[in-house]
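Each chain, written out:
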Amino acid sequence: MDSAALLVAATLSAGTVLAFAALGLLINEKAGIVNLGAEGMMLCAALAGFATVVHSGNIWLGFVAGMAAGAVLAAIFGVLVIWLNTNQYATGLALSLFGAGFSAFAGIGYVQEKLPEQAQFPIPLLADIPFVGPALFRQHPMVYLAMALTIGLIWFLYRTRAGLVLRSVGESPESAHALGYPVRRIRLAAVVAGGALCGLAGAYVSVVYTPLWVEGMIAGKGWIALALTTFATWRPARVLLGAYLFGGVTMLQFHLQSLGLNVPTQWLTMLPYLATIVVLVLISRNPLWIRVNMPTSIGKPFDPGA
């Protein structure tokens, strides 16, 4: 396979991880909830998905298990911050630490396990087109699902009544409550849906992206996904483009290493995180970009009795 086509294919695969997680966090933040626990949810989901595939041999059950793990942890987080009004940032950090520790402990027995050989999913005829076929049409179905999910989320948020209600809960929960909408239940549903997508991202990492289990294997992707929502100014299409941008930077380090570039590996490993910081700094130079699109009640508790 041509090295450029290989780089494009790897970029799409790497970006899919960030896309699923960032779209999930976008749903949370559109409802006014900030979940800093993405890293922990993704780690637990990665372990749940990997363990399920090891015991069942079915990768699709692995994805379901990962989504379930992410949804359960998100539901716990949601109850704490939505009904008990705990601090969203502190609770999210606690969830992230819990996920890292629990997955490391529970995953000890799976470190040496191997997954069964996976099927390939080339699209007939299109996969044989020079360069374009290997780059775009030999991907795992989850890559195309991330694209479809982005389109579906755009339609849901901006073309449906339910999407309008969700955004109103994030913009002005008091007004939504006055109109009779169950703000807390809507927020909990958004948090659980976002957790399920973070779980899907975690399962994708351990089942497809790097089919193995290693402690801490998410390696900061949850934090990059969190930054990606701000980078995209809370727009799903920009989230997908940003995910591929960061995915490309991640894969570029390996591509440069394979070319024998005489640069310390530590510098190349820093590239994705350095790119995240640079992009956030550039966006912060124009606060209007953030103010125009950021849900006004994000991170703030809601008390219907107040």
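Being a predicted model, the structure only gives us computed values, none of them experimental.

Caption draft 1: Here's a closer look at the overall build of the protein chain. What the protein chain contains, in helices and strands, is 13 helices and 0 strands. Starting at the N terminus, the α and β elements of the protein chain follow one another as α-α-α-α-α-α-α-α-α-α-α-α-α. Relative to the compact-globule value of 19 Å for 306 residues, the protein chain shows a C-alpha radius of gyration of 19 Å, a close match. Expressed along its principal axes, the backbone C-alpha trace of the protein chain runs to roughly 60 × 45 × 40 Å. Looking at the protein chain residue by residue over its 306 residues, the buried ones come to 49%. Expressed as a percentage of contacts within the protein chain between residues at least 6 apart in sequence, the contacts between residues at least 24 apart total 79%. Carbon together with sulfur atoms contributes 70% to the accessible area of the protein chain, which is approximately 14,300 Å² in total.

Caption draft 2: Seen up close, the environment of A9. Tracing the backbone shows A9 in helix α1 (residues 3-30). As a C-alpha pair, A9 and A135 span 126 residues in sequence and 4.5 Å in three-dimensional space. Ignoring any residue separated from it by four or fewer positions in sequence, one finds A9 in contact with P134, A135 and Q139.

Caption draft 3: Spatial organisation of the environment of A51. Here A51 shows up in helix α2 (residues 38-56). Of the residues examined, A51 reaches a relative accessible area of 12% and is grouped as buried. Considering only alpha carbons, one finds A51 and V191, 140 residues apart in sequence, at a separation of 25 Å.

Caption draft 4: Region of the structure containing helix α3 (residues 59-83). Taking 1.5 Å of rise per residue, the 25 residues of α3 would be expected to cover 36 Å, and the 35 Å separating its terminal C-alpha atoms lies within 8% of that figure. Taking the backbone nitrogen of W60 as reference, a side-chain oxygen 2.8 Å away marks N58 as the first, capping residue of α3. Phi for N85, located one or two positions after α3, is positive at around 55°.

Caption draft 5: A look at the packing of aromatic side chains. Summed over all chains, the structure comprises 4 aromatic pairs. Relative to F121, the ring of W60 lies with its centre 6.3 Å away and its plane at 70°, an arrangement referred to as edge-to-face. Taken together, the positions of W60 in helix α3 and F121 in the loop between α4 (88-106) and α5 (132-136) put the pair 61 residues apart, joining distant regions of the chain. Judged by centre distance (5.6 Å) and plane angle (70°), the ring pair of F231 and F246 falls under edge-to-face. You can see F231 sitting in helix α10 (residues 221-231) and its partner F246 sitting in helix α11 (residues 236-258), a full 15 residues away along the chain. Residue classification places F246 among the buried residues on the basis of a relative accessible area of 2%. Ring pairs connect the aromatic residues W60, F63 and F121, which therefore count as one cluster.

Reading guide: rules and limits
- Residues numbered from 1 in each chain as written.
- Predicted model: local features only at pLDDT ≥ 70, side-chain atom pairs only at ≥ 80, totals over all residues.
- Heavy atoms only, no water.
- Helix = DSSP H or I, 4+ residues; strand = E, 2+ residues; numbered from the N terminus.
- Rg over C-alpha atoms; globule rule 2.2 N^0.38 Å.
- Buried < 20%, exposed > 50% of the residue type's maximum accessible area, 1.4 Å probe, protein only.
- Contact = heavy atoms within 4.5 Å.
- Areas by Shrake-Rupley, 256 points an atom, 1.4 Å probe, with all protein chains shown as cover.
- Expected span 1.5 Å × (residues − 1).
- Polar contact = N/O pair within 3.5 Å; in protein donor to acceptor, adjacent residues only side chain to side chain.
- Phe/Tyr/Trp six-rings, centres within 6.5 Å; stacked < 30°, edge-to-face > 60°.

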